[in-house]
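Examination of the molecular architecture
Here is what each chain is made of, one letter per residue.
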Amino acid sequence: MHIDARTLDPGTLIEGDLCIIGAGAAGISMAMDWTASGRKVILLEGGGFNVEAQMQALYHGESLDRPYYPLRSATLHYFGGTTGHWSGFCSPLDPIDFEKRDWVPHSGWPITRPQLDPFYARANQYLELGPYEYDPAYWEKHDADVRRLPLDSRTFYPKMWQFSPPTRMGTVYRDPILKAPNIHLYTYARVVEIVPTEAVTAIDSLRAMTIDGKVHRVRARQYVLACGAIHNARLLLASNRRATRGLGNDHDLVGRYFMEHFEVIAAQVAFEKPHPFKLYTFPAAGRVRARAELALMGDVQRQHRILNGTAAFYGGPLTGKEQSRFASFSADAEANVKQRQAPRTSTGSSPPPPQVVYRMFTRQEQAPNPESRIVLSAEKDELGMPRADLRWRFTPLDKRSIRVFYELLGREMGRAGLGRVQLMDWLVDGDDAWPDHLSGGWHHMGTTRMHEDPKQGVVDADCKVHGIANLFVAGAAVYPTGGAVNPTLTLVAVALRLSDHLRTKVA
Ligand SMILES: Cc1cc2nc3c(=O)[nH]c(=O)nc-3n(C[C@H](O)[C@H](O)[C@H](O)COP(=O)(O)OP(=O)(O)OC[C@H]3O[C@@H](n4cnc5c(N)ncnc54)[C@H](O)[C@@H]3O)c2cc1C
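All values derive from a computational prediction rather than experimental measurement. (Residues numbered from 1 in each chain as written. Predicted model: local features only at pLDDT ≥ 70, side-chain atom pairs only at ≥ 80, totals over all residues. Heavy atoms only, no water.)

Our focus in this paragraph is the overall build of the protein. Broken down by element type, the protein carries 13 helices and 19 strands. For the protein, the C-alpha radius of gyration of 23 Å lies close to 23 Å, the compact-globule estimate for 507 residues. Referenced to the eigenvectors of the C-alpha coordinate spread, the extents of the protein come out at roughly 70 × 45 × 40 Å. Here the protein holds 507 residues, and the buried ones make up 62% of them. Long-range contacts, defined here as pairs at least 24 residues apart, represent 77% of the contacts in the protein between residues at least 6 apart. Accessible surface computed for the protein: about 19,100 Å², of which carbon and sulfur atoms make up 50%. The distance from the centre of the 59 positive side-chain charges to the centre of the 55 negative ones in the protein is 1 Å. (Helix = DSSP H or I, 4+ residues; strand = E, 2+ residues; numbered from the N terminus. Rg over C-alpha atoms; globule rule 2.2 N^0.38 Å. Buried < 20%, exposed > 50% of the residue type's maximum accessible area, 1.4 Å probe, protein only. Contact = heavy atoms within 4.5 Å. Areas by Shrake-Rupley, 256 points an atom, 1.4 Å probe, with all protein chains shown as cover. Lys, Arg positive; Asp, Glu negative; His and termini not counted. Charge placed at Lys NZ, Arg CZ, Asp CG, Glu CD.)

Okay, here's the thing in structure tokens:
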């Protein structure tokens, strides 16, 4: 069922059992999971069904430290959320990503990979991926040409990825949501304040505002905040009339520990002779697309006290003209969406001819850092909400980990007689020097981190905001650490786990 909130009388009271704020990857997966529940689910989406400049302008914010993508277009403010943009790269976090690592301050999830596995399998389906199989042996069985590089398997392994079509959640799940009698989707219902009870121990209601200034009130038994990591933090911090530091922010944690993935060309690999490369490109198994990247075994990360990272082979040698995507990604979200949704000219399923020289594309974990954060701006948006600014800050461990990865790869390539690795100059230039061509993956994580101790995390292991009885957070905002894989598969899995938990609350 769909209602455009602009058509309602001002001051309308909307009531239900469960209220999900934000219809992106997390919010839509949860709503889909409740279609047969018989419970009244209110799904509040700030935007409409299409990307609009006026709505994206509400996302404008400044990058106060490091360069970053223009915030007004780095995430999307309409039904389907940022999946209107995404590329569909998916892989689960590794078991080590969930562990408390003594060399990574603030690391450690209160849940383990085996606990998340059943939800990963369900998330794989929502994102239209293949079987829940990320063991390279499974893919090698399918095709005799799929062979791994002969590197020491105690050091490096092929980390498998699958590629979603990519699923545009707002297109694929629009009909099922609109047809579900118990899901009440309100578009243009932008939540501008979460209103707690006087004692700030539970949520009383929400204030939702339309772009033309009508204010409605929303009441439910349980609330889930699913606006993406930047805007989840923004909404909690801006809901500060009763909780003066912001909701869930008694310990000054909301907005802190913002994490991205470092995406950067870091080295060049020259093989002595061409090798079969199909595993590292896109082997086709029916409509399923998958490929491997090089990754370090958990024990090796442990031994060298480094973060998790992967390396993908990009065709051709270094040219000296590597470019950051920060500058080339347009502030005009509509233009980016058109460009990214244009039909593909190639299926990407046939491997390129074997080469001997490759540029290495790194995707690496960022260490959790309290100084890397989302903060409220003094400036307000058109609906009177303080804007969110970004202070993206790094630690020496971030860069050292990339350097050690390639030093180990160089050693291993030499030992196996495969060839040589040349590190780019910036990688050996000290732990603070980063190159102009550094990019991020548009992966926003960590701003409402999960920890059992309210002094160390905003939400508990069930994604419930500490100290507030009926407020939960869905999305990569809850990650204590972000591993080296793109976040969406995991955030859908964590949202589905939350969905199961809420069934016990909204019986
Ligand atoms: C160019 C690009 C490529 C990407 N590629 C990949 C990839 O290959 N693999 C991968 O894993 N990830 C990728 N991502 C990241 C991926 O898109 C996000 O991880 C994912 O969409 C986040 O899901 P979410 O539900 O948390 O947030 P979103 O998808 O951003 O959804 C949030 C929703 O909340 C709504 N909202 C926000 N504020 C309010 C409010 N106050 N009131 C009501 N509604 C509100 C928004 O309109 C939106 O619908 C990419 C992102 C970009 C930009």
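Within this structure, the stated rule accounts for 35 aromatic pairs. Ring geometry for Phe271 versus Phe277: centroids 5.8 Å apart, planes at 80°, classification edge-to-face. You can call Phe271 buried: its relative accessible area is 6%. Accessibility expressed as a relative area gives 6% for Phe277, which makes it buried. The interplanar angle of 90° and the centroid separation of 4.7 Å between the aromatic rings of Phe277 and Phe313 together place this pair among those described as edge-to-face. Taken as a pair, Phe277 in the loop between β10 (261–271) and β11 (284–285) and Phe313 in strand β13 (residues 309–315) lie far apart in primary sequence, 36 residues in all. Residue Phe313 is classed as buried on the basis of its relative accessible area, which comes to 10%. Following the ring pairs from residue to residue traces out a cluster consisting of Tyr68, Tyr69, Phe258, Phe262, Phe326, Phe329, Trp392, Phe394, Trp426, Trp434 and Trp442. For Arg174, the ring lying beneath its charged end belongs to Phe49, and the centroid distance is 3.8 Å. (Phe/Tyr/Trp six-rings, centres within 6.5 Å; stacked < 30°, edge-to-face > 60°. Lys NZ or Arg CZ within 6 Å of the ring centre and 35° of its normal.)

Here we come to the packing of helix α1 (residues 25–33) against helix α13 (residues 488–505). Direction vectors running N to C along α1 and α13 enclose 40°, while the axes themselves pass 9 Å from each other. If you check the angle between α1 and α13, you find them oblique. Viewed along their axes, α1 and α13 form a crossing whose handedness is right-handed. Across the interface between the two elements, Ala25, Ala26, Ser29, Met30 and Asp33 of α1 pack against Thr488, Leu491, Val492, Ala495, Leu496, Leu498, Ser499, Asp500, Leu502 and Arg503 of α13. (Axes fitted to C-alpha atoms, helices over the stretch in contact; angles between N-to-C directions. Parallel < 35°, antiparallel > 145°, perpendicular 65-115°, else oblique. Left-handed = near helix turned anticlockwise from the far one by under 90°.)

Attention shifts here to the site of the ligand. Lining the immediate surroundings of the ligand are 35 residues, of which Ala26, Glu45, His77, Thr82 and Thr488 lie closest. At 2.6 Å, a side-chain N or O of Glu45 approaches an oxygen atom of the ligand. Here Ser87 contributes a backbone N or O atom positioned 3.0 Å from a nitrogen atom of the ligand. Burial of the ligand by the surrounding chains reaches 97%, relative to a free accessible area of 990 Å². Elements that contribute at least two residues to the shell around the ligand include exactly α1, β7 (190–196) and α13. (Near = heavy atom within 4 Å. Polar contact = N/O pair within 3.5 Å; in protein donor to acceptor, adjacent residues only side chain to side chain.)

Moving on to helix α4 (residues 113–126). Counting along an α-helix, one turn takes 3.6 residues, and residues three or four places apart therefore face a common direction. Under the 1.5 Å per step criterion, the end-to-end length of α4 is 19 Å for 14 residues, consistent within 8% with the ideal 20 Å. The principal kink in α4, of about 35°, is found at Phe119. Looking at α4, one finds that the buried residues are Arg113, Leu116, Phe119, Tyr120, Ala123, Asn124 and Tyr126. Among the structural elements, α1, β5 (156–163) and α13 are those in contact with the buried residues of α4. Phi turns positive one or two residues past the end of α4, at Glu128, with a value near 55°. (Expected span 1.5 Å × (residues − 1). Bend = angle between axes of the 7 residues up to and from the residue.)

Counting residues in hydrophobic clusters, the biggest one holds 162 residues, and the most contacted among them are Leu206, Met360, Tyr406 and Leu409. If sequence neighbours within four positions are ignored, Met360 has contacts with Val264, Ile265, Ala266, Ala267, Gln268, Val269, Leu294, Ala311, Ala312, Phe313, Tyr406 and Leu409. (Core = buried A, V, L, I, M, F, W, Y, C linked by side-chain atoms within 4.5 Å.)

This paragraph deals with the pairing of strand β3 (residues 41–44). Note on strand geometry: in a regular strand, side chains alternate between the two faces of the sheet. A two-sided burial pattern is seen for β3, the buried positions comprising Val41 and Leu43 on one face and Ile42 and Leu44 on the other. Taken together, strand β2 (residues 13–21), α1 and β3 constitute a β-α-β crossover, and its handedness is right-handed. Pairing analysis gives four bridges linking β3 to strand β6 (residues 183–187), with the strands arranged parallel. Bridge pairing links Val41 to Ile183 in β6. (Right-handed = clockwise from strand over helix to strand, strands pointing away. Pairing = 2+ DSSP bridges.)

You can see Ala26 is positioned in helix α1. Taking relative accessible area as the criterion, Ala26 reaches 6% and is therefore assigned buried. For the pair Ala26 and Thr488, spaced 462 residues apart in sequence, the C-alpha to C-alpha distance is 8.4 Å. Setting aside anything within four residues of it in sequence, one finds Ala26 in contact with Ala226, Ala474, Gly475, Leu491 and Ala495.

Time to look at the pattern of salt bridges. Considering all chains together, one arrives at 33 salt bridges under this definition. Between Asp117 and Arg113 there is a salt bridge whose closest N-O contact spans 2.9 Å. One end of the pair, Asp117, and the other, Arg113, are both in helix α4, four residues apart, so they sit about a helical turn from each other. With a relative accessible area of 23%, Asp117 lands in the partly exposed category. (Salt bridge = Lys/Arg side-chain N within 4 Å of Asp/Glu carboxyl O.)

Right, let's get into the environment of Leu149. Here Leu149 is to be found in the loop between α5 (136–142) and β5. By relative accessible area, which is 5% here, Leu149 ends up buried. Each C-alpha atom, one on Leu149 and one on Met413, is 9.9 Å from the other, the two residues being 264 residues apart in sequence. Apart from the residues lying within four places of it in its own chain, the contact partners of Leu149 are Phe271, His275, Phe277, Tyr280 and Phe313.

Another aspect to go through is helix α11 (residues 333–341). When we look at burial in α11, the residues that qualify are Ala333, Asn336 and Val337. Viewed end-on, α11 has its buried residues packed into an arc of 100°, placing them on one side of the element. Turned more than 90 degrees away from the buried face of α11 sit Lys338 and Gln339, all of them exposed. Taken together, the buried residues of α11 touch α2 (53–57) and α3 (71–74). N-capping of α11 is provided by Asp332, with a side-chain oxygen placed 3.0 Å from the backbone N of Glu334. (Arc of directions from axis to C-beta.)

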